[in-house]
Amino acid sequence: MNRTLSSLALASGLLAGGQAVAGDLLHWQNNSLTYLYGQDFKIDPEIQQTVTFEHASGWSFGDLFLFVDVIKYNTDATNGAGDGHTFYGELSPRFSLGKITGADFSFGPIKDVLIATTYEFGEDDVESYLIGPAVDLDIPGFDYFQLNTYLRTTDGSRPGSNVWQITPVWSYTIPVGESDILIDGFMDWVVDNDSNRRGDYHANLHFNPQIKYDLGKALKWGEKQLYVGIEYDYWKNKYGIKDGGFVSDNFVGSTDQNTASLLVKAHF
């Protein structure tokens, strides 16, 4: 499993690097930087600032999404991480059966059928590999709507392997006056539990939409370039840790996160 997903990620990287030679591989791309400031986080320090780089692109074989969070802690950690900052990212290539085979897989609301993969990486022991079937849906009003399902495999011996995750991803635009409000985001719903000699991993749900106003369009600077708004973050059993589960010797409280962050997002 690990070798397969690593090979898929490497292959997508090689394809990206060769776009100057074979430009027809890359159909479109978009990059952005986001600044977030929020409070009331759980397990991790309560107050955080985050800078996020995101890349999304469409290819002849499917699509690719990458993000990297660089997180600054404004308060002391209660989970044993006391260096004041950390990072986390995900690399998510998806492989379109329609594009690769040339066949039409559309049926009813289904636009395409894909194989979705993700590599999760970051500081300390967080690496995981995900793979599973996915569909792109044509839902009226939505800019796009993906439904990805994954079988999770952790890197190493920590619990959380062989559990299934359901991840819808969406974008919805609402015209408001001379500009737009964009509501986009994702939900990661891990539906299984897992236990081993290192501990327990519990089913968890992470709901993370952004509600953004297109300030660039309102100011006549160009649409879809500069947004301001909020990111809402609800995470039940954060990191798969149930209330009462072990975090660190000095952690007391709920592991359910319910907070919002102010954001500024620039696309380039």
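Above: the structure in question.
Residues numbered from 1 in each chain as written. Predicted model: local features only at pLDDT ≥ 70, side-chain atom pairs only at ≥ 80, totals over all residues. Heavy atoms only, no water.

Asker: I'd like a description of the overall build of the protein chain, backed by residues and values.
Answerer: Each helix and strand counted, the protein chain has 3 helices and 14 strands in total. Looking at the protein chain as a whole, 43% of its 268 residues qualify as buried. Taking the contacts inside the protein chain whose residues are at least 6 apart along the sequence as the reference set, 55% of them involve residues at least 24 apart. (Helix = DSSP H or I, 4+ residues; strand = E, 2+ residues; numbered from the N terminus. Buried < 20%, exposed > 50% of the residue type's maximum accessible area, 1.4 Å probe, protein only. Contact = heavy atoms within 4.5 Å.)

Asker: How would you summarise the sheet that holds strand β9 (residues 179-190) if you had to cite specific residues and measurements?
Answerer: Pairing within the closed barrel is antiparallel, and its 12 strands lie in the order β1-β2-β3-β4-β5-β6-β7-β8-β9-β12-β13-β14. Each strand of the sheet is rotated relative to its neighbour by a mean of 20 degrees, with strand direction disregarded. Here 10 bridges tie β9 to strand β12 (residues 204-214), and the two strands are oriented antiparallel to one another. In the sheet register, Gly185 faces β12, and the bridge partner there is Pro209. (Pairing = 2+ DSSP bridges. Axes fitted to C-alpha atoms, helices over the stretch in contact; angles between N-to-C directions.)

Asker: Tell me about the packing of aromatic side chains, and please be specific about residues and values.
Answerer: The geometry of an aromatic ring pair is captured by the separation of the ring centres together with the interplanar angle, meaning the angle of the planes. By the definition in use, this model includes 11 aromatic pairs. With 6.0 Å between their ring centres and 55 degrees between their planes, Phe67 and Tyr88 make a pair best called tilted. With Phe67 in strand β3 (residues 62-73) and Tyr88 in strand β4 (residues 85-96), this pair connects stretches of sequence that are 21 residues apart. Phe67 sits in the buried class, given a relative accessible area of 14%. Classification of Tyr88 as partly exposed rests on a relative accessible area of 23%. Taken together, a centroid distance of 5.2 Å and an interplanar angle of 75 degrees make the contact between Trp235 and Tyr239 edge-to-face. Taking relative accessible area as the criterion, Trp235 reaches 15% and is therefore assigned buried. Each residue in the set Trp59, Phe61 and Phe95 is aromatic and connected to the rest through ring pairs, giving one cluster. (Phe/Tyr/Trp six-rings, centres within 6.5 Å; stacked < 30°, edge-to-face > 60°.)

Asker: So what's going on with the pairing of β9? Residues and values would help.
Answerer: Relative to β9, strand β8 (residues 163-176) runs antiparallel, the two being bridged by 10 bridges. Along β9, the bridge assignment pairs Val169 with Phe186.

Asker: Please provide a residue-by-residue account of a nonpolar patch on the surface, values included.
Answerer: Taken together, the side chains of Leu33, Tyr35, Val51, Val70, Phe87, Val264 and Phe268 make up a nonpolar region of the molecular surface, amounting to roughly 630 Å² of accessible area. With respect to the element layout, Val70 can be found in strand β3. (Patch = residues over 30% accessible without salt bridge, like charges linked within 9 Å, V, L, I, M, F, W, Y side chains within 5 Å. Areas by Shrake-Rupley, 256 points an atom, 1.4 Å probe, with all protein chains shown as cover. Salt bridge = Lys/Arg side-chain N within 4 Å of Asp/Glu carboxyl O.)

Asker: Describe the pattern of salt bridges, and please don't skip the residues or the numbers.
Answerer: One pass over the structure, following the stated rule, counts 12 salt bridges. Here Asp136 makes a salt bridge to Arg94, at a shortest N to O gap of 2.9 Å. Of this pair, Asp136 sits in strand β6 (residues 128-137) while Arg94 sits in strand β4, placing them 42 residues apart in sequence. In this structure, Asp125 and Arg198 form a salt bridge, with 3.2 Å as the shortest nitrogen-oxygen distance. Of the two residues, Asp125 is situated in the loop between β5 (110-122) and β6 and Arg198 in the loop between β10 (194-196) and β11 (199-201); the sequence distance between them amounts to 73 residues.

Asker: So what's going on with the pairing of strand β7 (residues 142-154)? Residues and values would help.
Answerer: Taken together, the 8 bridges between β6 and β7 define a ladder with antiparallel strand orientation. From the neighbouring strand, Ala134 faces β7, where its bridge partner is Asn148. Counted between consecutive antiparallel strands, the loop separating β6 from β7 contains 4 residues, among which Gly141 sits at a positive phi close to 95 degrees. Summarising the sheet, β7 and β8 pair through 10 bridges and their orientation is antiparallel. Note on β8: the bridge partner recorded for Tyr150 is Gln165.

Asker: Now, about unusual backbone geometry: what can you tell me, with residues and values included?
Answerer: Here Asn162, not a glycine, exhibits a phi torsion of approximately 60 degrees, which is positive. Tracing the backbone shows Asn162 in the loop between β7 and β8.

Asker: Explain the side chain of Asp136 residue by residue, including any values.
Answerer: Judged by its relative accessible area of 17%, Asp136 falls in the buried class. There is a polar contact of 2.9 Å between the side chain of Asp136 and the side chain of Arg94. Filtering out sequence-adjacent residues up to four positions away, Asp136 remains in contact with Arg94, Pro109, Ile110, Lys111, Asp112, Leu114, Phe145 and Gln146. (Polar contact = N/O pair within 3.5 Å; in protein donor to acceptor, adjacent residues only side chain to side chain.)

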